[in-house]
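Chain residues, written in single-letter form:
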Amino acid sequence: LTAATAEKLRRALPGVAEEDVRDMVERFPMRGWEEGVLKEPHVYRTYEAVTHYGEAIKAIVNEQCGDGIMSAIDFYCDVGTTTGKNGEKRVVITFNGKFLPFIEQRAEDNGVKSPRE
């Protein structure tokens, strides 16, 4: 939420906890994950790598593109190999997703007439 929208929320819901409003302004939503999926070793290691580097990747994306996320719908993934400096085979995974900037959706910006009108 933006600060202005947070203020509107406070007025609309006087009982809302200030901590919840602050979290909506300062934090981003996180999705859960089914632990059973992570039992396959390669899936687990890929998940571990993304989890380990996720905050750094997010910071770089935000620095280069602005506030937003990478689409997992308009998305391509490429998997290949390369040779390391000691001759070992290495895996290269490329995520190529459309950047989606964060926007605040407001009713007054909707140019389409509501079906209820």
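Rules of the game
Residues numbered from 1 in each chain as written. Predicted model: local features only at pLDDT ≥ 70, side-chain atom pairs only at ≥ 80, totals over all residues. Heavy atoms only, no water. Helix = DSSP H or I, 4+ residues; strand = E, 2+ residues; numbered from the N terminus. Rg over C-alpha atoms; globule rule 2.2 N^0.38 Å. Buried < 20%, exposed > 50% of the residue type's maximum accessible area, 1.4 Å probe, protein only. Salt bridge = Lys/Arg side-chain N within 4 Å of Asp/Glu carboxyl O. Patch = residues over 30% accessible without salt bridge, like charges linked within 9 Å, V, L, I, M, F, W, Y side chains within 5 Å. Areas by Shrake-Rupley, 256 points an atom, 1.4 Å probe, with all protein chains shown as cover. Lys, Arg positive; Asp, Glu negative; His and termini not counted. Charge placed at Lys NZ, Arg CZ, Asp CG, Glu CD. pLDDT = per-residue confidence, 0-100.

**What about the overall build of the chain?**
- When helices and strands are counted, the chain shows three helices and two strands.
- Against the compact-globule benchmark of 13 Å for 117 residues, the chain has a radius of gyration of 20 Å, which places it well outside the compact range.
- Each principal axis of the C-alpha atoms in the chain carries an extent, and together these give about 65 × 35 × 30 Å.
- Buried residues in the chain amount to 8% of all 117 residues.

**A word on the pattern of salt bridges**
- Per the stated rule, a full pass over the model turns up seven salt bridges.
- Its salt-bridge partner being Glu-7, residue Arg-10 comes within 3.4 Å of it at the nearest N-O pair. Placement of the pair is Arg-10 and Glu-7 together in helix 1 (residues 3-12), with a separation of three residues, close to one helical turn.
- Judged by relative accessible area, which is 35%, Glu-7 ranks as partly exposed.
- One salt-bridge network, held together by shared partners, links Glu-7, Arg-10, Arg-11 and Glu-18.

**Comments concerning a negative patch on the surface**
- Taken together, Glu-19, Asp-20, Asp-23 and Glu-26 make up a surface patch of like negative charges.
- By the element assignment, Glu-19 lies in helix 2 (residues 18-26).

**With respect to a nonpolar patch on the surface**
- A cluster of nonpolar residues, Val-50, Met-70, Val-79, Val-91, Ile-93 and Phe-95, forms a patch on the protein surface that exposes about 530 Å² of accessible area.
- Elements that contribute at least two residues to the nonpolar patch include exactly strand 1 (68-83) and strand 2 (89-101).
- Residue classification places Met-70 among the partly exposed residues on the basis of a relative accessible area of 38%.

**As for the confidence of the model for the chain**
- On average, residues of the chain score 89 in pLDDT, and 95% of them reach the 70 mark or higher.
- Here helix 2 stands out as the element of the chain with the lowest mean pLDDT, 89, in contrast to strand 2, whose mean of 97 is the highest.

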